[in-house]
Amino acid sequence: MAIGFFCLALFLFLGIIEFDHISAASTPSSTPASEGVEITYGSTLKLMHEKTKFRLHSHDVPYGSGSGQQSVTGFPSVDDSNSYWIVRPQPDTSAKQGDPIKTGTVVRLQHMKTRKWLHSHLHASPISGNLEVSCFGGEGNSDTGDYWKLEIEGKGKTWRQDQRVRLQHVDTGGYLHSHDKKYTRIAGGQQEVCGVREKRADNVWLAAEGVYLPVNEASKSSPK
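How each quantity is defined
Residues numbered from 1 in each chain as written. Predicted model: local features only at pLDDT ≥ 70, side-chain atom pairs only at ≥ 80, totals over all residues. Heavy atoms only, no water. Helix = DSSP H or I, 4+ residues; strand = E, 2+ residues; numbered from the N terminus. Buried < 20%, exposed > 50% of the residue type's maximum accessible area, 1.4 Å probe, protein only. Contact = heavy atoms within 4.5 Å. Areas by Shrake-Rupley, 256 points an atom, 1.4 Å probe, with all protein chains shown as cover. Core = buried A, V, L, I, M, F, W, Y, C linked by side-chain atoms within 4.5 Å. 1 Å grid on protein atoms, 1.4 Å probe; cavity = no way out; pocket = protein on both sides within 12 Å on 5 of 7 lines; lining within 4 Å. Points joined across faces, edges and corners; volume = space filled by probe spheres on them. Nonpolar A, V, L, I, M, F, W, Y, C, P; charged D, E, K, R; others polar. Polar contact = N/O pair within 3.5 Å; in protein donor to acceptor, adjacent residues only side chain to side chain. Phe/Tyr/Trp six-rings, centres within 6.5 Å; stacked < 30°, edge-to-face > 60°. Lys NZ or Arg CZ within 6 Å of the ring centre and 35° of its normal.

An unreviewed UniProt entry annotates the protein chain as MIR domain-containing protein originating from Papaver somniferum.

A. A look at the overall build of the protein chain. When its secondary structure is counted, the protein chain shows two helices and 12 strands. Counting helices and strands in the order they occur from the N terminus, the protein chain gives α-β-β-β-β-β-β-β-β-β-β-β-β-α. Counting the 224 residues in the protein chain, one finds 44% classified as buried. Contacts in the protein chain between residues far apart in sequence, at least 24 positions, make up 66% of those at least 6 positions apart. Just so you have it, the protein chain exposes about 11,700 Å², and 57% of that area is on carbon and sulfur atoms.

B. Spotlight on the nonpolar core. Of all hydrophobic cores here, the largest spans 27 residues; its most connected members are Leu56, Leu118, Trp159 and Leu176. Contributing elements (two or more residues each) for this core: strand S1 (44-49), strand S4 (85-89), strand S5 (106-111), strand S7 (131-136), strand S8 (148-152), strand S9 (165-169) and strand S12 (205-211). Sort the elements by how many residues they give to this core and S8 lands first, with three residues. In this structure, leucine 118 is in contact with Leu56, Val72, Trp85, Leu109, Val133, Ser134, Cys135, Gly145, Asp146, Trp148 and Leu176, ignoring residues within four places of it in sequence.

C. Up close: the layout of surface pockets. If you add up the space inside the largest pocket, you get close to 190 Å³. What lines the largest pocket is His59, Val61, Pro62, Tyr63, Gly64, Ser65, Ser71, Pro126, Tyr183, Arg185 and Ile186. In terms of residues, the lining of the largest pocket owes the most to one element, strand S2 (residues 55-62), which gives three residues. Considered class by class, the residues forming the lining of the largest pocket number six nonpolar, four polar and one charged.

D. Just the side chain of aspartate 99, in detail. Relative to the helices and strands, aspartate 99 is located in the loop between S4 and S5. According to the relative accessible area criterion, aspartate 99 is buried, its value standing at 11%. Here the side chain of aspartate 99 touches lysine 96 through a polar contact of 2.8 Å, landing on its backbone nitrogen. Once residues within four sequence positions are removed from consideration, aspartate 99 is found in contact with Ile39, Thr40, Tyr41, Ser94, Asn216 and Ser219.

E. Representation of the packing of aromatic side chains. If you walk through the whole model with that rule in mind, you get zero aromatic pairs. Its guanidinium or amino end placed over the ring of tyrosine 84, lysine 46 lies 4.6 Å from that ring's centre, counting from NZ or CZ. Geometry around tryptophan 117 places arginine 108 over its ring, the cationic atom sitting 4.1 Å from the centre.

Here it is in structure tokens:
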């Protein structure tokens with residue numbers, strides 16, 4: 001009897017191993033576990049420029065021209081802590097941490113390390129002469145120059161990690177934009193980030209690495 005139970009247990013054990021092996025083989029290894037997760041207020045993420053794969057980046061170095069505010073660039077390396085941004089709502093709204101973000105919503109992006117806001121205005125960008133994009137202000141110091149309208153490309157209505165998006169600056173109408181024009185005096189092969197008023201292939205971004213806060217339970221019942 002004991003031998004029979006042993007054989008049955010061994011058979012079931014080997015069957016489970018084979019099932020797991022088949023399931024793993026049928027799942028593409030390149031698909032990230034977090035693909036498609038909703039982006040909510042309070043999430044900290046990196047924005048990847050679709051065309052060049054550079055990350056939106058800032059550091060405590062001012063522009064040598066234009067506004068003289070904290071510079072914003074595109075950074076080639078994935079592993080850089082200066083490329084993290086916290087997604088925030090407009091001030092004085094009912095939006096809460098964990099709320100999902102729909103297309104057409106105005107958001108703010110706060111640089112995680114310096115606590116300044118992604119900003120734009122009518123100053124000329126250093127290389128191309130387009131609209132300068134900078135970091136400005138800080139905790140408790142934000143204005144309409146920090147407002148960006150989310151535009152989701154395609155059929156999606158709620159911002160997700162794998163969606164192509166544009167961010168249009170509310171005050172100037174310029175889309176957050178980058179290209180392969182690089183700074184010669186900044187280390188690491190960083191490229192210009194600027195604002196351009198026309199929709200182009202070079203102003204599409206995707207949410208990449210980050211810490212994505214779960215959706216509020218109260219928000220899940222609202223229409224997407």
